[in-house]
Amino acid sequence: MYRYDEFDQTFVDQRVEQFRSQTSRRLSGELTEEEFKPIRLMNGLYLQLHGYMLRVAIPYGTLNALQMRTLADISETYDKGYGHFTTRQNIQYNWPKLEDTPDILADLASVEMHAIQTSGNCIRNVTADHWAGVAADELADPRPVAELIRQWSSLHPEFSFLPRKFKVAVTGAPADRAAVKFHDIGLRMHLNDAGERGWEVIVGGGQGRTPMVGVTVREFLPEEELLGYLEAIMRVYNLFGRRDNKYKARIKILIHETGAEEFSRLVEEEYARAPRPSVEVERKELDRISAYFAPPQYETLSALQPDLEGRKLENPEFARWVRTNVGAHRVTGYGIVNISLKPAGGIPGDATAEQMRTVADLAERFSHSEIRVSHHQNLVLPDVKLSDLHEIWTVLSADGMGEANIGLLGDIIACPGLDYCALATARSIPIAQSISRQFSDPSRLEDIGPLRVNISGCINACGHHHVGHIGILGLEKKGKEFYQVTLGGHSGTDASIGGVLGKGFSEDEIAGAIETIVDTYLGIRGDSESFLECIRRVGTPPFKEALYAPA
Amino acid sequence: MDHGHVLTANRLSDGIVVFLTATSAWSEQIDEAVLAREPLAAAALEKRGVEFEETNLVTGAYLIEAERQGAAITPTRVRERIRACGPTVAYLGVHTPPCHAQATAVAA
Ligand code: SF4
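Residues numbered from 1 in each chain as written. Chains lettered and ligands numbered in written order. Predicted model: local features only at pLDDT ≥ 70, side-chain atom pairs only at ≥ 80, totals over all residues. Heavy atoms only, no water.

Re the overall build of chain A
Within chain A, the secondary structure is distributed over 18 helices and 20 strands. The C-alpha atoms of chain A give 23 Å as radius of gyration, which agrees with the globular expectation for 551 residues (24 Å, within 12%). Dimensions of chain A, computed from the C-alpha atoms along their principal axes, are close to 60 × 60 × 60 Å. Relative to its 551 residues, chain A shows a buried fraction of 61%. Sequence-distant contacts in chain A: of pairs separated by 6 or more residues, those separated by 24 or more amount to 67%. Here chain A has roughly 21000 Å² of accessible surface; of this, 52% comes from carbon and sulfur atoms. Of the charged side chains in chain A, 59 are positive and 76 negative, and the gap between their average positions amounts to 5 Å. (Helix = DSSP H or I, 4+ residues; strand = E, 2+ residues; numbered from the N terminus. Rg over C-alpha atoms; globule rule 2.2 N^0.38 Å. Buried < 20%, exposed > 50% of the residue type's maximum accessible area, 1.4 Å probe, protein only. Contact = heavy atoms within 4.5 Å. Areas by Shrake-Rupley, 256 points an atom, 1.4 Å probe, with all protein chains shown as cover. Lys, Arg positive; Asp, Glu negative; His and termini not counted. Charge placed at Lys NZ, Arg CZ, Asp CG, Glu CD.)

Written out as structure tokens, the structure reads:
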């Protein structure tokens, strides 16, 4: 993991002290709200529906056990004993007091964390494949590049007042787990014939009210040229991106309006023109950062695990959890444990202080102290020996985190919605709860197979409903919440945006509607045909028919 | 049933949602709020809000539409009903106190 150097630490500490003085000036009235608001936002503190909300950055979703424990302590000392892991691999606290926030930030700084750039029109927290560095299918760990971009973009003077916020995602694997086609910039690693690393640069993806799949502007950018090239993209965006209308200010609109080819030409022109750091300098910096991400000392283990197999035979529930929640590790005898924060009837992404500590303990004992947050609002123990799985499962189950539903219908992604969010038009959490209750039988979930349900409480799409195999968007009409359903979205390599089915459903109807959709699928699916494959084959008519045809 | 406006804001120090009462105090209970039934009275409430913002007690004061039935005040919009009562979902480790406006919100 990356560790702060002296410069990083001094900077973050100073920033906390600045905010402490600014906060006390606000509380004494020396600063007005108008003056203070941009300052608190720059430090991650929002004013939400019920009060302040603090968003803490977890760079590319990687944190260690000590940091997780500190997050737990903060939730108990200053909040209500829980936190919410978000679709951007961050954590949010829903009830911090303004007067406590400087202390919270100081506690975060003591474990090399902060809340800078989690708001505002700047380059936000870089997200990454949550299996980075350990996935069996990966070419190489993308996090050194994510860290390089983090350092480059942190408080970059030229890019701290962009037309709109800017999100970057990276993956080093062919299977896209980081939704790189739905970010302002998505980066996917490739190897050339000589085995050298390069990056496919995808620009202009996004969700919100105008969902778009990003376009590739460079198929293979040599790794050492990355920052120079990103800088050229940012310049073109900074210069030509619209500032007259906040809904048309993201880079996707610029690309849409100028055309991908012309945009690409502008970037190449800027790239050829602008001076940039030499390739050698960037290689050196990348090597320096990469050293922090050196893999741990793995043991040489056997692929045959008679003990594990025995446990699985004895206990079908454990066997199921291993099937659904453990991902393929690149080292023999190891696995990637995906911890579901989606118990049936629970709040997607919420974890209590106790649960955070349990995960921290497990990470320390079994996963080289490392933890990941996934954009599916789950947690990951990346480096686990298969022989330890049973004990981990036992501990997780005792603490309400043993759900065997990763990637299945119960693993619902939902934004906070109208229960917490000031921008929401409808609630999303109760919808997630009613669906996960309805589909709580694990053997049924497994039979249904991979199926992603995503719920957003407004058109901003923080719940990524456009890319849900089933997407649900909460809206309001005449003082009542209702829910629009889309089918066929997908954020993987073969990305697609879901299409609206028809008229919306009330809160009471929605779980039933999902039931009808699932039953329709089960009735028409081919041999081992997944939900998404089925939708792509038959389109929406059978589903519309089942949902809307008069009985 | 009385229909009118209530002034709400967030307390500056801790962000908690509050409502202006008849005695010019801020209460966390919407039922204790003063309900302005006339446009003039509502405008006066709004003015009080600005004054309170200037003295740094609250922030982001604004009027919401609400109805009073007996002792209970219920905002018209779902958003404001949830804001008055807290999340409609029992959050982990914490019990939401029962709130009549929320019961209405969920039933509506
Ligand atoms: S999608 Fe809308 S309701 Fe949900 S968190 Fe984003 S802004 Fe809030």
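Right, picking up where we left off after that structure.
Some points on helix H1 (residues 6-28) of chain A
All names here are of chain A. A rise of 1.5 Å per residue sets the reference length of H1, with its 23 residues, at 33 Å; its end C-alpha atoms lie 33 Å apart and thus fit the reference within 8%. Of all the positions in H1, only Asp8, Val12, Arg15, Val16, Phe19, Gln22, Thr23 and Arg26 are classed as buried. Its side-chain oxygen placed 3.1 Å from the backbone nitrogen of Phe7, Asp5 serves as the N-cap of H1. Following H1 by one or two positions, Gly29 adopts a phi angle in the positive range, close to 95°. (Expected span 1.5 Å × (residues − 1). Polar contact = N/O pair within 3.5 Å; in protein donor to acceptor, adjacent residues only side chain to side chain.)

Description of the sheet that holds strand S4 (residues 58-69) of chain B
All names here are of chain B. Here we have 5 strands laid out as an open sheet, ordered S3-S2-S1-S4-S5, and antiparallel in their pairing. Looking along the sheet, the strands with just one partner apiece sit at the ends: strand S3 (26-27) and strand S5 (72-75). The pairing of strand S1 (residues 2-11) with strand S2 (residues 17-20) spans 3 bridges and is antiparallel. For Asn10, the partnering residue across the bridge sits in S2 and is Val17. (Pairing = 2+ DSSP bridges.)

Some details on the pairing of strand S4 (residues 82-85) of chain A
All names here are of chain A. Residue alternation in S4 divides its side chains into two sets, Tyr82 and His84 and Gly83 and Phe85, and both sets are buried. With 3 bridges connecting them, S4 and strand S13 (residues 350-352) associate as antiparallel partners. Within S13, the residue paired with Gly83 across the bridge is Ala351. For S4 and strand S5 (residues 91-93), the ladder comprises 2 bridges, and the chain directions are antiparallel.

Description of the packing of aromatic side chains
Two aromatic rings are characterised by how far apart their centres lie and by the angle between their planes. Residue and element names in this part refer to chain A. Summed over the entire model, instances satisfying the criterion amount to 14 aromatic pairs over all chains. When the ring of Trp95 is compared with that of Tyr420, the centres are 6.3 Å apart and the planes differ by 70°; the resulting orientation is edge-to-face. Of the two residues, Trp95 sits in the loop between S5 and helix H4 (101-110) while Tyr420 sits in the loop between strand S16 (413-414) and helix H14 (429-438), which places them 325 residues apart along the sequence. Residue Trp95 is classed as buried on the basis of its relative accessible area, which comes to 12%. Judged by relative accessible area, which is 7%, Tyr420 ranks as buried. (Phe/Tyr/Trp six-rings, centres within 6.5 Å; stacked < 30°, edge-to-face > 60°.)

Brief notes about the interface of chain B and chain A
Interface size is often expressed as the accessible area that is lost when the parts come together. On the side of chain A, 35 residues touch chain B, which itself brings 26 residues to the contact. Taken together, the two surfaces of chain B and chain A that pack against each other cover about 2500 Å², and 60% of this comes from carbon and sulfur. At the boundary of chain B with chain A, the tally comes to 1 salt bridge. Ionic pairing is found between Glu476 of chain A and Arg77 of chain B, a salt bridge with its closest N-O pair at 3.3 Å. Seen at the junction of chain B and chain A, the total is 10 residue pairs in polar contact (both at pLDDT 80 or more). Secondary-structure elements contributing two or more residues to the side of chain B that touches chain A are S1 and helix H2 (78-85) of chain B. The element best represented in the side of chain B that touches chain A is H2 of chain B, accounting for 5 residues. Of the residues belonging to the side of chain B that touches chain A, the class tally is 13 nonpolar, 7 polar and 6 charged. (Buried area = accessible area lost by both parts, 1.4 Å probe. Salt bridge = Lys/Arg side-chain N within 4 Å of Asp/Glu carboxyl O. Nonpolar A, V, L, I, M, F, W, Y, C, P; charged D, E, K, R; others polar.)

So, the domain arrangement of chain A
All names here are of chain A. When its domains are assigned, chain A resolves into domain 1 (6-109), domain 2 (127-291), domain 3 (306-398) and domain 4 (413-548). The gap between the C-alpha centroids of domain 1 and domain 2 is 27 Å. Tallying the contact residues gives 7 residues for domain 1 and 11 residues for domain 2. The three residues of domain 1 that bury the most area against domain 2 are Tyr60, Arg88 and Gln89, which together make up 70% of that side's buried surface. On inspection of domain 1 and its partner domain 2, the count reaches 0 salt bridges. Per-class residue counts for the side of domain 1 that touches domain 2 are 3 nonpolar, 2 polar and 2 charged. (Domains from an automatic or database assignment.)

Focus on the packing of H14 of chain A against helix H16 (residues 507-524) of chain A
Residues and elements named next belong to chain A. Their axes nearest at 9 Å, the elements H14 and H16 cross at an angle of 40°. One way to sum up the angle between H14 and H16 is to call them oblique. In terms of crossing hand, the pair formed by H14 and H16 is right-handed. Residues Pro430, Ile431, Ser434, Ile435 and Gln438 of H14 touch H16, and the partners they reach there are Glu507, Ile510, Ala511, Ile514 and Glu515. When grouped by side-chain class, the residues that make up the contact of H14 with H16 number 6 nonpolar, 2 polar and 2 charged. (Axes fitted to C-alpha atoms, helices over the stretch in contact; angles between N-to-C directions. Parallel < 35°, antiparallel > 145°, perpendicular 65-115°, else oblique. Left-handed = near helix turned anticlockwise from the far one by under 90°.)

A look at the packing of H1 of chain A against H4 of chain A
Helix-helix packing is described using two parameters, namely the angle between the two axes and the distance between the axes. Residue and element names in this part refer to chain A. Remark: H1 packs on H4, axes separated minimally by 9 Å, with the N-to-C direction vectors making an angle of 175°. With respect to H4, the element H1 is oriented roughly antiparallel. In this structure, H1 contributes Gln9, Val12, Asp13, Val16, Phe19, Arg20 and Thr23 to the contact, and H4 contributes Thr101, Pro102, Asp103, Leu105, Ala106 and Ala109. Class assignment of the residues belonging to the contact of H1 with H4 gives a composition of 7 nonpolar, 3 polar and 3 charged.

A short note on empty space enclosed by the protein
Gaps left between atoms show up when a probe the size of a water molecule is rolled over them. All names here are of chain A. Per the stated rule, a full pass over the model turns up 4 cavities of 30 Å³ or more. For the largest cavity, the calculated volume is near 190 Å³. Lining the largest cavity are 15 residues; nearest its centre among them are Tyr2, Tyr4, Pro59, Gln67 and Glu112. Only strand S3 (62-64) and helix H5 (143-153) provide two or more residues apiece to the lining of the largest cavity. Tallied by class, residues from the lining of the largest cavity come to 9 nonpolar, 3 polar and 3 charged. Reported here for the second largest cavity is a volume of approximately 60 Å³. When residues in the lining of the second largest cavity are grouped by element, the largest group, 3 residues, is from H1. When its residues are assigned to classes, the lining of the second largest cavity shows 6 nonpolar, 2 polar and 1 charged. (1 Å grid on protein atoms, 1.4 Å probe; cavity = no way out; pocket = protein on both sides within 12 Å on 5 of 7 lines; lining within 4 Å. Points joined across faces, edges and corners; volume = space filled by probe spheres on them.)

Comments concerning the sheet that holds strand S8 (residues 185-191) of chain A
Residue and element names in this part refer to chain A. Pairing within the open sheet is mixed, and its 5 strands lie in the order S6-S7-S8-S9-S10. Each edge of the open sheet is held by one strand with a lone partner, namely strand S6 (127-128) and strand S10 (215-222). Both S6 and strand S7 (residues 168-171) contribute to a ladder of 2 bridges, which runs parallel. What sits directly across from Thr127, in S7, is Ala169.

Topic: the pattern of salt bridges
Residue and element names in this part refer to chain A. In the structure shown here, the tally under the stated rule is 53 salt bridges over all chains. In this structure, Asp73 engages Arg357 in a salt bridge whose closest nitrogen and oxygen atoms are separated by 2.8 Å. Residue Asp73 is located in helix H3 (residues 65-78), and its partner Arg357 is located in helix H12 (residues 353-366); the two are separated by 284 residues in the primary sequence. A salt bridge links Arg273 to Glu270, with the nearest nitrogen and oxygen atoms 2.9 Å apart. Within this pair, Arg273 and its partner Glu270 are both found in helix H8 (residues 260-273), separated by 3 residues, close to a single helical turn. When its relative accessible area of 14% is taken as the criterion, Glu270 is described as buried. The structure contains a network of salt bridges with shared partners spanning Glu158, Glu231, Arg235, Glu270 and Arg273.

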